[in-house]
Amino acid sequence: MAAVWFITGVSSGFGTEIALRALEGGQRVIGTVRDRIRAADNVAIIEHKGGMILELDVTDAVAGVKVFGEAERVYGRIDVLVNNAGYSILGAIEDISDEEARLQMETNFFGPRRLIREALPGFRARKSGTIVNISSRGGIDGVPGGGLYAASKFALEGLSESLAREVAPFNVNVLIIEPGGFRTNIFSAYKFPQKPHTEGYQTVRAFLDMVATISSDQLSQMGDPKKAASRIYEAVTGEGLAGKAKGTVLRMPLGEDCVTAYEAKIQIVRTGGIIDIFTDVEDNGCPSSESVYIMGFVKPELSVWERATLIFAVLRTLGSGAYTSFIAPFRGSSGSAKYSDHVKIAMMRTILENTTVRQQQATIPHFNEVYSAFVKEKGVTPSHVELPSGTKAYWIGNKDADKVILWFHGGGYNLPVEPGHFTFNKELADLSGGKIAILMLSYTLAPHEIYPHQLRQAVELVQYVFTELKRKPENVTIAGDSAGANLSIAILSHMLHPHPQIPPLNLEQGQKLGAAILLCPWASFSTDAREWPSMGYNASSDYISAPSGNKWSSSFLGGQISDPYSEPLSADKSWWKGLDGIVEEILILGGGGEVLLDVIRELARRYEAVHPKVKTVIAEGEWHNKPIMTAMGLPRGGGQSDAVKSFVKARL
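A few points on the structure. Model, not experiment: these values are computed from the prediction.

Our focus in this paragraph is the sheet that holds strand β6 (residues 129–134). On the basis of which strands lie adjacent, the open sheet formed by seven strands has the order β3-β2-β1-β4-β6-β7-β9 and parallel pairing. Looking at which strands have only one partner, the edges of the open sheet turn out to be β3 (52–55) and β9 (251–254). In this sheet, adjacent strand axes meet at a mean angle of 20° when their direction is disregarded. Its contacts with the sheet place helix α5 (residues 147–167) against β6, β7 (172–179) and β9, and it is angled at close to 155° to β7.

Let us now look at the nonpolar core. Side chains of nonpolar character tend, in soluble globular proteins, to be buried together. L406, W407, L439, L492 and Y607 are the most contacted members of the largest nonpolar core, which has 110 residues in total. For this core, the leading source of residues is helix α17 (residues 483–496), giving nine residues. Ranked by size, the runner-up nonpolar core spans 33 residues in total, among them L175, I232, V236 and M252.

Another point: the packing of aromatic side chains. What characterises a pair of aromatic rings is the spacing of the ring centres plus the angle enclosed by the ring planes. By the definition in use, this model includes 17 aromatic pairs. Here the aromatic rings of F374 and F422 are separated by 5.4 Å at their centres, their planes lie at 25°, and the arrangement is stacked. Here the residue F374 occupies a position in helix α14 (residues 367–378), and F422 occupies one in helix α15 (residues 419–431), the gap between them amounting to 48 residues. No difference in accessibility class separates F374 from F422, as the two residues are buried. Ring geometry for Y413 and W522: centres 6.5 Å apart, planes at 35°, overall tilted. Separated by 109 residues along the polypeptide, Y413 in the loop between β12 (403–408) and α15 and W522 in the loop between β15 (513–519) and α18 (534–537) bring together distant segments of the chain.

Reading guide: rules and limits
- Residues numbered from 1 in each chain as written.
- Predicted model: local features only at pLDDT ≥ 70, side-chain atom pairs only at ≥ 80, totals over all residues.
- Heavy atoms only, no water.
- Pairing = 2+ DSSP bridges.
- Helix = DSSP H or I, 4+ residues; strand = E, 2+ residues; numbered from the N terminus.
- Axes fitted to C-alpha atoms, helices over the stretch in contact; angles between N-to-C directions.
- Contact = heavy atoms within 4.5 Å.
- Core = buried A, V, L, I, M, F, W, Y, C linked by side-chain atoms within 4.5 Å.
- Buried < 20%, exposed > 50% of the residue type's maximum accessible area, 1.4 Å probe, protein only.
- Phe/Tyr/Trp six-rings, centres within 6.5 Å; stacked < 30°, edge-to-face > 60°.

Written out as structure tokens, the structure reads:
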């Protein structure tokens, strides 16, 4: 017997696609729209396929009871209830009125709740039924500017969790659908609060700008709504690819971006072992917030499953090495010029792609461990400074030197320092004959702390060097590689436009930094080869890849929308006006074989347009961060390394 589906909001998007997929599968469909005339095109398509359309405003409690009863009488029952109708109000929570907030909750929460209440008596009596509640990524993490929408979806998900446990004895299934970015009209079906946008909410403004961009190009969204509708249909009916989810899965996150958001949130909650502090609570309360704030990276304790999948990742990496060794002689112009480098890079790329941040942090030595091994090997005396927050920075070279390079290490904000960081920076200190010292910040890794915590630590270090170590700004160089270069750029942004959550740097009128060295700067989190072609044509010659970059940026942002401080190329070009007034000269470097090549070139173009002393060096054939990266036995040195040393030597 064909099941009867009652689907709200079939006028467009997921509602339309689910209705059509159910009809295609031989099911009976009764769909609702608020206005038949406005939705005339899709109403005609659904009715032509055999569906039935009723008008319903889900915020009207009386109409909801009446229309659902009418639908039940058509075929004598409803087997599947799909709560899809909804919309979003976008704006700062401060700007949204009580009336607007109530309407959001009425549509996205109370409306579905009322229909669930109407459906349950029949479901219980027949000992069968399925309730599908369409949530979203907003039901996983709340973004700035989407607070009320997130509240409505969080409420719907909480209700669904409890409901699933209540109705399981009646053989009634509950399914929460959490779509990420799909090619629907979701970013057109939004409203703004009547109150004008309150200035100063930069993260909200960035989110609203992103929504405006997406609204103008719905096709830029990743997900195919037809495929999503098929997966939902299969999970309800037990057929096809997602059929095994029937009756066994409560949540269905749809789309890679949604899954990534889940992983990031899980990592934040786990906090790599720091959560033990909160679970070990004395009767008289929790530990102070300060003790948590100063705590750096704590190695995660991997579960049995995580250890097992780590072993699988290692085996996969070995297999990749073996396969690449076989095909490398036929690579042509793609990949690295040297055979052994090409194989090592392929293995490095594989292990980074196939391990989680937790697994990576559990197996890589921490900053302190690497620094201790370095000073022991070189026979030098360890030395560090401790900032007021408890964050530490470590010296390399003569700490009494007038000139200081503040080096921020890379690793996607998630990976600890590399031994090559200390080796390379000692080379810089040595070539100066003691006239330059390097101070490396041990910032807190993501996801233990997320943006803008690392920027706060970096700014604190710069201010400390000015005020406590008495170094003149013109004798200070900020430098970094990859994510560390991103952090250096964020400091420049903070000097031009003080971050609202971080104290401004105090420089006297006319003072500026001596220089900035940006080695392979991670200036854009986009991994789309259509935007940055080098993500495609250099994919086989670099160990960094789109999956790794997406994983690290997601962990760093922790569900937030990026802004000009965290993602430099998201800033308008006018953002950099005045750059020549805060730093004397800038060196930008990249490898000709790295996936970030086009990102680096674009950053250089923007800087060159506003600053007369910008030097850009692209070293042909070099991969990401070649002067520093030593993992898998990759060789250091090369054109970028020589250029940095030449630049530093010239500043003596």
